[in-house]
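Coordinate inspection notes
What follows is the residue order along each chain.
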Amino acid sequence: MTRVGKGFVFRASNAGPLDALLVFAIVAAAVVSAFPLVWMILSSFKTPAESMQVPPVWIPATPTFDAYGEVASVINAGRSFWNSAVIATTTTLGILVTSLMAGYAFAKYRFKGRDLLFAAVIATMFLPPIVTLIPLYRLVGTMGLNASLAGVIVPNLANAFGIFLMRQFIAGVPDDLIDAARVDGASELRIVFAVVAPAVAPAIAALTLFAFVYHWNTYLWPLTVLQGNTDNYPIVLSLSRLLSYNRGAMNTGLVMAGAAMAVLPPLTMFVLLQRFFVDSIVSSGVKG
Amino acid sequence: MTRSTRTSALVMLTPAVSLVGVFIFLPMLLTIWLSFQAWSTQTGFGAAQFVGLQNYADLLSPLSVGRDFRQASWNTAVYTLLSVVVILPLSVLLGLMVHQNRVAGGHVLRTILFSTYMVPMIAVALVWSKLYSPNEGPLNQILGWFGVGRQMWLSSPDTALVSVVILNVWQQVGYFTVLVIAGLTQIPVALYEAARIDGANPVQSFFGVTLPLLRRTLLFSAVIAVINAVQVFEPVALITQGGPANSTNVLTYYIRRVGIERAQGGLGSAMAVMLMLALIVVIVALFAFARQGEHEK
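These numbers come from a predicted model, not from an experiment.

Before going further, it helps to spend a moment on the overall build of chain B. Regarding its fold elements, chain B presents 13 helices and two strands. Dimensions of chain B, computed from the C-alpha atoms along their principal axes, are close to 70 × 70 × 35 Å. When burial is assessed residue by residue, chain B has 54% of its 297 residues classed as buried. Within chain B, counting contacts between residues at least 6 apart in sequence, those at least 24 apart form 64% of the total. Carbon and sulfur atoms form 66% of the exposed surface of chain B, whose accessible area is close to 13000 Å². Between the centroid of the 16 positive side chains of chain B and the centroid of its 10 negative side chains there is a distance of 7 Å.

On to the domain arrangement of chain A, then. Residues and elements named next belong to chain A. On domain assignment, one finds that chain A holds domain 1 (8-67) and domain 2 (68-285). Each of domain 1 and domain 2 has a C-alpha centre, and these two points are 32 Å apart. In this complex, domain 1 contributes 12 residues to the contact, which on the side of domain 2 involves 14 residues. The largest per-residue losses of area from domain 1 upon contact with domain 2 belong to Met40, Met52 and Ala67, which jointly make up 45% of the total buried on that side. Viewed at the interface, domain 2 and domain 1 are joined by zero salt bridges. At the level of secondary structure, the elements contributing two or more residues to the side of domain 1 that touches domain 2 comprise α1 (17-44), α2 (48-52) and α3 (66-75). Ranked by the residues each element gives to the side of domain 1 that touches domain 2, the list is headed by α1, at five residues. Here the residues of the side of domain 1 that touches domain 2 sort into eight nonpolar, three polar and one charged.

In this section: helix α5 (residues 121-131) of chain B. Of all 11 residues making up α5 of chain B, 11 are buried, and the element is well covered by its neighbours. Here α5 of chain B has its buried residues at Met121, Ile122, Ala123, Val124, Ala125, Leu126, Val127, Trp128, Ser129, Lys130 and Leu131 of chain B.

Contacts between chain B and chain A engage 96 residues on the former and 99 residues on the latter. Regarding the contact of chain B and chain A, the summed buried area is about 8600 Å², with carbon and sulfur atoms giving 79% of it. By the criterion of area lost to chain A, the three top residues of chain B are Met12, Phe23 and Met118 of chain B, representing 9% of everything that side buries. At the boundary of chain B and chain A, one finds one salt bridge. Across the salt bridge formed by Arg102 of chain B and Asp19 of chain A, the nearest N and O atoms sit 2.6 Å from each other. Linking chain B with chain A are 10 residue pairs in polar contact (both at pLDDT 80 or more).

Our next topic: empty space enclosed by the protein. Applying the stated criterion across every chain, the model contains one cavity of 30 Å³ or more. What the largest cavity holds in volume is close to 90 Å³. As for the largest cavity, its lining consists of 13 residues, of which Trp39, Lys46, Ser51 and Thr252 of chain A together with Glu136 of chain B are closest to the centre. Where the lining of the largest cavity is concerned, the elements lending two or more residues are α1 and α2 of chain A.

All right, on to the side chain of Glu234 of chain B then. Inspection of the secondary structure puts Glu234 of chain B in helix α11 (residues 234-240). For the buried Glu234 of chain B, no salt bridge is present, and the opposite-charge side chain at shortest range is Arg256 of chain B, 10 Å distant.

What follows deals with unusual backbone geometry. Note on backbone geometry: most residues besides glycine have negative phi, and most peptide bonds are trans. Here the residue pair Gly243 of chain B and Pro244 of chain B is connected by a cis peptide bond, since its omega of -5° sits within 30 degrees of zero. Summarising the element assignment, Pro244 of chain B is placed in the loop between α11 and α12 (251-261). The phi angle at Ala147 of chain A is positive, at roughly 70°, despite the residue not being glycine. Residue placement: Ala147 of chain A occurs in the loop between α6 (130-142) and α7 (149-153). A positive phi angle is found at Ala263 of chain B, which is not glycine, with a value near 60°. Here Ala263 of chain B is to be found in the loop between α12 and α13 (265-296).

On to the packing of α1 of chain A against α5 of chain B. Close contact between α1 of chain A and α5 of chain B brings their axes to 10 Å; oriented N to C, the two are set at 85°. Judged by the angle between their axes, α1 of chain A and α5 of chain B are roughly perpendicular. Between α1 of chain A and α5 of chain B, the contacting residues are Phe35, Pro36, Trp39 and Met40 of chain A on the first element and Val127, Trp128 and Leu131 of chain B on the second.

Turning our attention to the environment of Ser43 of chain A. Residues and elements named next belong to chain A. Here Ser43 lies in helix α1. Judged by relative accessible area, which is 1%, Ser43 ranks as buried. In this structure the C-alpha to C-alpha distance between Ser43 and Pro60, which are 17 residues apart in sequence, comes to 7.5 Å. Not counting residues up to four positions away in its chain, the partners in contact with Ser43 are Gly253 and Met256.

Of note, Gly103 of chain A is situated in helix α4 (residues 77-108). In this structure, Gly103 of chain A is in contact with Ile163, Met166, Arg167 and Ile170 of chain A, ignoring residues within four places of it in sequence.

This brings us to the layout of surface pockets. Reported here for the second largest pocket is a volume of approximately 1300 Å³. Surrounding the second largest pocket, 29 residues form its lining, Leu96, Gln100, Arg102, Tyr192 and Pro202 of chain B being those nearest its centre. Secondary structure elements with two or more residues in the lining of the second largest pocket: α1 of chain A together with α3 (64-99), α7 (160-185), α8 (189-197) and α9 (202-213) of chain B. Among the elements that make up the lining of the second largest pocket, the one with the highest residue count is α3 of chain B (six residues). The class makeup of the residues in the lining of the second largest pocket is 18 nonpolar, eight polar and three charged.

Scanning the model with the defined rule gives 24 aromatic pairs over all chains in all. When the ring of Phe45 of chain A is compared with that of Phe65 of chain A, the centres are 5.1 Å apart and the planes differ by 70°; the resulting orientation is edge-to-face. Here Phe45 of chain A, found in the loop between α1 and α2, pairs with Phe65 of chain A, found in the loop between α2 and α3; they are 20 residues apart in sequence, far enough to count as distant. Look at Tyr117 of chain B and Tyr175 of chain B: their rings are 4.8 Å apart centre to centre, the planes differ by 15°, and that puts the pair in the stacked class. Remark: Tyr175 of chain B occurs in helix α7 and Tyr117 of chain B occurs in helix α4 (residues 106-117); sequence separation between them is 58 residues. Members of the aromatic cluster, each reached through a chain of ring pairs, are Phe270 of chain A together with Phe114, Tyr117, Tyr175 and Phe176 of chain B. One residue, Lys46 of chain A, lies across the ring of Trp39 of chain A, its end atom 4.0 Å from the ring centre.

A separate point is the pattern of salt bridges. All told, the structure shown has seven salt bridges over all chains when counted by the stated rule. Between Arg182 of chain A and Asp179 of chain A there is a salt bridge whose closest N-O contact spans 3.4 Å. Separated by three residues within a single helix, Arg182 of chain A and Asp179 of chain A lie in helix α9 (residues 175-183), roughly one turn from each other. Its relative accessible area of 36% is what places Asp179 of chain A among the partly exposed residues. The salt bridge involving Glu193 of chain B is made with Arg196 of chain B; its shortest N-O contact spans 3.0 Å. Of this pair, Glu193 of chain B and Arg196 of chain B both sit in helix α8, three residues apart, which is roughly one turn of that helix. Here Glu193 of chain B falls in the partly exposed class, since its relative accessible area comes to 37%. Since its relative accessible area comes to 55%, Arg196 of chain B is described here as exposed.

So, how was this worked out
- Residues numbered from 1 in each chain as written.
- Chains lettered and ligands numbered in written order.
- Predicted model: local features only at pLDDT ≥ 70, side-chain atom pairs only at ≥ 80, totals over all residues.
- Heavy atoms only, no water.
- Helix = DSSP H or I, 4+ residues; strand = E, 2+ residues; numbered from the N terminus.
- Buried < 20%, exposed > 50% of the residue type's maximum accessible area, 1.4 Å probe, protein only.
- Contact = heavy atoms within 4.5 Å.
- Areas by Shrake-Rupley, 256 points an atom, 1.4 Å probe, with all protein chains shown as cover.
- Lys, Arg positive; Asp, Glu negative; His and termini not counted.
- Charge placed at Lys NZ, Arg CZ, Asp CG, Glu CD.
- Domains from an automatic or database assignment.
- Buried area = accessible area lost by both parts, 1.4 Å probe.
- Salt bridge = Lys/Arg side-chain N within 4 Å of Asp/Glu carboxyl O.
- Nonpolar A, V, L, I, M, F, W, Y, C, P; charged D, E, K, R; others polar.
- Polar contact = N/O pair within 3.5 Å; in protein donor to acceptor, adjacent residues only side chain to side chain.
- 1 Å grid on protein atoms, 1.4 Å probe; cavity = no way out; pocket = protein on both sides within 12 Å on 5 of 7 lines; lining within 4 Å.
- Points joined across faces, edges and corners; volume = space filled by probe spheres on them.
- Axes fitted to C-alpha atoms, helices over the stretch in contact; angles between N-to-C directions.
- Parallel < 35°, antiparallel > 145°, perpendicular 65-115°, else oblique.
- Phe/Tyr/Trp six-rings, centres within 6.5 Å; stacked < 30°, edge-to-face > 60°.
- Lys NZ or Arg CZ within 6 Å of the ring centre and 35° of its normal.

Here it is as structure tokens:
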């Protein structure tokens, strides 16, 4: 991808009307895309009176952090954040381990039925979670995991996307590297985690981001399996309680503050790892 | 294949394959089996009683559950179609805007677009429900500046579903834009050079070079967009509860409502099977459509 030096826009000599239109379109797209989040932040600093004003107030006159404090008291935000962190981190670690191992086997071993098994696993990528939700709910209940964090985590410790991503990247790791480690007497498990994993570090970064963000944000399964046990609610579930806490325009600041708090971790993760994210889509998403 | 590779393959595959087997394949088979049973979700699987095609018959009957199911199926189809039809062209347009190198700003735009994809859907739903607010929301105010009248957005059966489509497009388009960018980077620059030498203008080279070579990307995008669209849940569960007048009742919401909240597991499973079949048909049709286009070339 070509990088354009900063200041190119202002070199008016060879900039035609098409360039001006292009700049306008880019700015417009960026503004439309950023607007809801900017509005969210601005509204979180408004007083309840400002939130109810017609026509709407854009910039709060005296920004207040009150809404953030109120969120913390209404939904036990600390506990919710902790639950989200436990769910997202544990699930991500599990996915990394299972995906690395299975991706390695699918990429580097030859065994009977390999391609069929791989196809069957990949097919589950196209299965929306609602299709399996009802029996899964019962199944996890039978295991005694309903209403617990384990119930949220355990069914998600492996997924097709991770296995697919890892297989794509590990296929590109030279066999010589693996054979050399075998000659040195390394076990296969050691090879996966000490030789192959470092060689596919960008893919691991990408999968970490995908998995963490997905499981931080996911709503349907925790809502179903936790059965209203609010002590174990992750932040996304607790947010929904803000809406019913005080219906109407009164709670706008509160809801916006809560949303802003929930958005922060995945967005931070994205800013830190976005380079790998895009690269992994480029090299795995389409070629596959 | 040596014995030791077989053992190693087993060790490597067991964690992932058993998890996917127990928590995805087994429930999928159970869904199909349960769709032929009368079964309360509150009881064990052993309590299920075979009823043949009764659940399916109920879904096609004039009973209220049948009417609501058909409405939810229709809403889901409309929602999915609208999402795909808006997202695909928009992602190509935005992808071209990011990928071009005439003016700066593409990379910043990509970051902003993609960052919305990181936002939890629940936060998207909450924020947009306030943006849409007919009185104190900013969207009606902005439209007012351009002389557009007051819209009811999520509060009117005529506009509620479209309003949910808009917030969904806003959240997801960045992901599809990155897919398009990925596709664009794989088009050899030489092809554009050749088109230019042949006297093609930018519009002609877009339709002659870019679009045909993006076919696989767009097929992949379309499949993912369909699968994402049928999963819409949070805005409906939280903001509209399927209303007003059933206009935003979509399948993910309705299946959960019947199968989990009302504990009618057999009936909910029959709906899930119908959804699964519909998805298979749509995805196969998309692949067939893309392949047919390839032959015509």
